[in-house]
Amino acid sequence: MAEAFSAWMLVCGLLLHTVSRHGAPAKKPNFIIILADDIGWGDLDANQGEEKSNNTPHLNLMAEQGLRLTDFHSPASTCSPSRAAMLTGRYGLRNGVTRNFAARSVAGLPLSEVTLPRLLQEAAYHTAMIGKWHLGHNGPYGPTSRGFDYYLGIPYSNDMGCTDVPGHNLPQCPACESSEGTRLQRSARARGGCYSKVGLPLMENRSIVEQPLDLWTLTERYASAATGIIHAARQRGQPYLLYVALAHMHVPLAPPLHPHSGDVYAASLREMDRLVGAVKSASDAADKDNTLILFTGDNGPWERKCQYSGSVGPFVGKWQTSRGGGSAKQTTWEGGHRVPTVAYWPGRIPANTTNSALLSGMDIFPTLLSLAEVAPPSDRRYDGIDATNVLLRGEPAARERSSGQVRRLADSSHEDTQSFLHHRRRPGVRRRNREAAAPRPAADL
C-alpha cells in the first residue's frame, strides 16, 4: 500500500514538473476583423499628417496603442472579389470571384472554396459575422453555410435595394414604391442605379428579419450585436472570430447630422469610428490581452459619388487625373486598393508603431490560421502570406513570390486581380504610380 502511494506521488510530481516547465496549454487567440466599405487611405486621421480632421478618434487611439500599416492593399478594387480573396487567401483567378455579385445573382463564392471561418469553426472557434456579405445569398452560398455560426447583416451592398427613408446618395434614390410583397431578389433590377420595388433586407442567419431595413438605426444594431457576441464568447470561454463588415462608407450614407452640419461624409466617418470604438471597448473589457483586432478596407473610395466619397490621400496620380480619370474604387491605380489599416493586440503588437511592409487583405487568411495553429488544406495554391512576424515583431517586409507565378497570373485580362499582382510583386510599377502622385506623408518616407 505504501509502495503504491509512493508511486502515485511520484507520478503527480512528474506531472507538476512538466506543467511548471512547459506551462499550461496556451489559450487560442480571438480575432476581430473590421472591414470598412469604400474607405479611402486618407480617411484615417492618423494617415493625414499634421493637419488632422479629428473624424476618427477611436481609430487614432487604436493606432497609438497598436500598429499602423501604411502600405496595405485590398486584393481587388471592388467589393466581392476583394472579400472573396480575403476569406480564401486566393486571388480571384483561383477562387472564381472576379466581379461583383448582384441582388439577382443566383450563385456566389464557389462551393469548392474553403473559407477562413470554416477552418476556424472546425478548430472549435465560435464564428460570427455582422454586416455585408456580398458573396452569394441563395441556398448554400450564404454566410451560415460558409463557416459562420451566426450572421446578422445585409446580403449585398446597401444600395442594392430601396428603403422607406433613403440615405444620402448621388443620384438621390427614392423611397420604396410599396413595402407590400417585397422579395429578397429575383425581380430586383436597378433603374438609374436605384431600386424602387425591392426592399433592402436585413437578415439574421437564413431569415429576413426586416425588409426594407431602417438604414438610420443599422449602426446601433450592428454595435449591439457585436458587443453581445464578444461578451457571450467570454462567458463560454470559447475562442472566437468576429467579422464585422461595415456598411460605412458605402452609399447611401445615413449618419446622425447636427442641425447646422452639412458634411454628410464626415458625419458618417465619425459614426463608423464610434462603432469601431464600441467593438474595441467590448473586446478590451472581455479579453483584452488575447484578442487581435484588425481594421482595414475592401477597396478605395467611390470617387464618382463626389461629396459622398472619401479621400485617397496623396495617391491621386497626376497621370490619370490629367486625362480626366481618377485613382479610386474600380480602378487599378493605387488609390483604388491602398486602404487604411490598423492592427491592435495589447502585449503582443508593440504600441505606437508604424510599418510600411507591403501587405494584402489576402494575408489575413494565412496569418490568422497561423496564430490559431490551424493548417489550411494542402490541395490548393494560396496567394496570401503569413504576416505574423510583421505584426508581432515589426519585420519590415514579407517574403516575395516567384516571378514565374506573377507572369502566370498576370496574363489575365481582369484588371482587379491584375492590379494587385503588379503593385505587390513589381516594385517598378508601383513606384511609377507613386511618382505620379502627390508627395507622400513624412511617416512613409
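Caption draft 1: Geometry of the overall build of the protein. A count of helical and extended segments in the protein gives 13 helices and 12 strands. Split into buried and exposed, the 445 residues of the protein put 58% on the buried side. Put simply, of all contacts in the protein between residues at least 6 apart along the chain, 73% involve residues at least 24 apart. Total accessible area on the protein stands at roughly 19000 Å², and carbon and sulfur atoms take up 52% of it.

Caption draft 2: Structural context of the packing of aromatic side chains. Inspection of every chain in the model, using the stated rule, returns five aromatic pairs. With a centroid separation of 6.2 Å and 90 degrees between ring planes, the pair formed by Trp 133 and Phe 148 is classed as edge-to-face. You can see Trp 133 sitting in the loop between strand S4 (126–131) and strand S5 (150–153) and its partner Phe 148 sitting in the loop between S4 and S5, a full 15 residues away along the chain. There is no split in this pair, since Trp 133 and Phe 148 are both buried. For the ring pair Phe 365 and Tyr 382, a centre distance of 5.5 Å and an interplane angle of 20 degrees mean the geometry is stacked.

Caption draft 3: How the structure looks around helix H6 (residues 218–236). With 19 residues, H6 should cover 27 Å at 1.5 Å per step; its first-to-last C-alpha distance of 27 Å lies within 8% of that length. Among all positions of H6, only Leu 218, Thr 219, Tyr 222, Ala 223, Ala 225, Ala 226, Ile 229, Ile 230 and Ala 233 are buried. Seen along its axis, H6 keeps its buried residues to an arc of 170 degrees; they face one direction. Across from the buried face of H6, at angles greater than 90 degrees, the exposed residues are Glu 220 and Gln 235.

Caption draft 4: Here's a closer look at the state of the cysteines. All told, the structure shown has two disulfides when counted by the stated rule. Sulfur-sulfur distance for the disulfide between Cys 162 and Cys 176 comes to 2.0 Å. Between Cys 162 and Cys 176 the disulfide shows an S-S torsion of about 105 degrees. By sign, it is right-handed. In this pair, Cys 162 sits in the loop between S5 and strand S6 (202–204) while Cys 176 sits in the loop between S5 and S6, placing the two residues 14 residues apart along the sequence. Note on Cys 162: relative accessible area 2%, which makes it buried. Each bonded cysteine of the protein is numbered by sequence order, and under that numbering the disulfide pairs are 1-3, 2-4.

Caption draft 5: Geometry of the confidence of the model for the protein. Put simply, the protein has an average pLDDT of 85, and 79% of its residues get 70 or more. Counting contacts from residues 184–188, a segment whose pLDDT is below 50, to residues more than four positions away or on other chains yields 21 contacts. Confidence over residues 401–445 falls short of pLDDT 50; this stretch has 101 contacts with residues more than four positions distant or in other chains.

Caption draft 6: The arrangement of the nonpolar core in detail. Core analysis: the biggest nonpolar cluster contains 54 residues, and Ile 32, Ile 34, Ile 230, Leu 242, Met 272 and Phe 295 have the highest contact counts within it. Per-element tally for this core: the top contributor is helix H7 (residues 264–287), with nine residues. In contact with Ile 34, not counting residues within four places along its chain, are Val 244, Leu 246, Val 276, Val 279, Ile 293, Leu 294, Phe 295 and Thr 296.

Caption draft 7: Fine view of the pattern of salt bridges. Under the defined criterion, the tally for this structure stands at 14 salt bridges. For Glu 210, the salt bridge goes to Arg 221, with nearest N and O atoms at 2.3 Å. Of this pair, Glu 210 sits in strand S7 (residues 207–210) while Arg 221 sits in helix H6, and the two are 11 residues apart along the sequence. Across the salt bridge formed by Arg 338 and Glu 334, the nearest N and O atoms sit 2.3 Å from each other. One connected set of salt bridges, linked through shared partners, spans Asp 37, Arg 83, Lys 132 and Asp 298.

Caption draft 8: Just the sheet that holds strand S1 (residues 30–36), in detail. The sheet built from 10 strands is open, its strands ordered S7-S6-S5-S4-S8-S1-S9-S10-S2-S11 with mixed pairing. Since the sheet does not close on itself, it has two edges, and those belong to S7 and strand S11 (353–355), each with one partner. Here the average twist between neighbouring strands, direction ignored, is 15 degrees. As paired strands, S1 and strand S8 (residues 240–245) are joined by five bridges and run parallel to one another. Bridging from a neighbouring strand, Ile 34 pairs with Val 244 of S8.

Caption draft 9: Molecular detail of the side chain of Ser 74. Checked against the element boundaries, Ser 74 lands in the loop between strand S3 (72–73) and helix H3 (79–88). A polar side-chain atom of Ser 74 sits 2.7 Å from the main-chain carbonyl oxygen of Ala 76. At 3.3 Å, the side chain of Ser 74 and the backbone oxygen of Asp 298 are in polar contact.

Caption draft 10: Seen up close, empty space enclosed by the protein. With the rule as written, the count across this model stands at seven cavities of 30 Å³ or more. The calculated volume of the largest cavity comes to roughly 130 Å³. Lining the largest cavity we find 13 residues, and of these Leu 215, Thr 219, Ala 247, His 248 and Glu 271 sit closest to its centre. Here the lining of the largest cavity takes three residues from H6, the largest share from any one element. For the lining of the largest cavity, the class distribution of residues is eight nonpolar, four polar and one charged. As for the second largest cavity, its lining consists of 15 residues, and the residues nearest its centre are Gly 161, Cys 162, Pro 166, Cys 173 and Pro 252. Its residues assigned to classes, the lining of the second largest cavity comprises eight nonpolar, six polar and one charged.

Caption draft 11: Broad picture of the packing of helix H2 (residues 57–64) against H7. At a minimum axis separation of 7 Å, H2 and H7 run at an interaxial angle of 45 degrees. By the angle between their directions, the pair H2 and H7 is classed as oblique. Of the residues in H7, those in contact with Pro 57, His 58, Leu 59, Leu 61 and Met 62 of H2 are Met 272, Asp 273, Arg 274, Val 276, Gly 277 and Lys 280. For the contact of H2 with H7, the class distribution of residues is six nonpolar, two polar and three charged.

Here is what the cut-offs are and how they apply
- Residues numbered from 1 in each chain as written.
- Predicted model: local features only at pLDDT ≥ 70, side-chain atom pairs only at ≥ 80, totals over all residues.
- Heavy atoms only, no water.
- Helix = DSSP H or I, 4+ residues; strand = E, 2+ residues; numbered from the N terminus.
- Buried < 20%, exposed > 50% of the residue type's maximum accessible area, 1.4 Å probe, protein only.
- Contact = heavy atoms within 4.5 Å.
- Areas by Shrake-Rupley, 256 points an atom, 1.4 Å probe, with all protein chains shown as cover.
- Phe/Tyr/Trp six-rings, centres within 6.5 Å; stacked < 30°, edge-to-face > 60°.
- Expected span 1.5 Å × (residues − 1).
- Arc of directions from axis to C-beta.
- Disulfide = S-S within 2.5 Å.
- pLDDT = per-residue confidence, 0-100.
- Core = buried A, V, L, I, M, F, W, Y, C linked by side-chain atoms within 4.5 Å.
- Salt bridge = Lys/Arg side-chain N within 4 Å of Asp/Glu carboxyl O.
- Pairing = 2+ DSSP bridges.
- Axes fitted to C-alpha atoms, helices over the stretch in contact; angles between N-to-C directions.
- Polar contact = N/O pair within 3.5 Å; in protein donor to acceptor, adjacent residues only side chain to side chain.
- 1 Å grid on protein atoms, 1.4 Å probe; cavity = no way out; pocket = protein on both sides within 12 Å on 5 of 7 lines; lining within 4 Å.
- Points joined across faces, edges and corners; volume = space filled by probe spheres on them.
- Nonpolar A, V, L, I, M, F, W, Y, C, P; charged D, E, K, R; others polar.
- Parallel < 35°, antiparallel > 145°, perpendicular 65-115°, else oblique.

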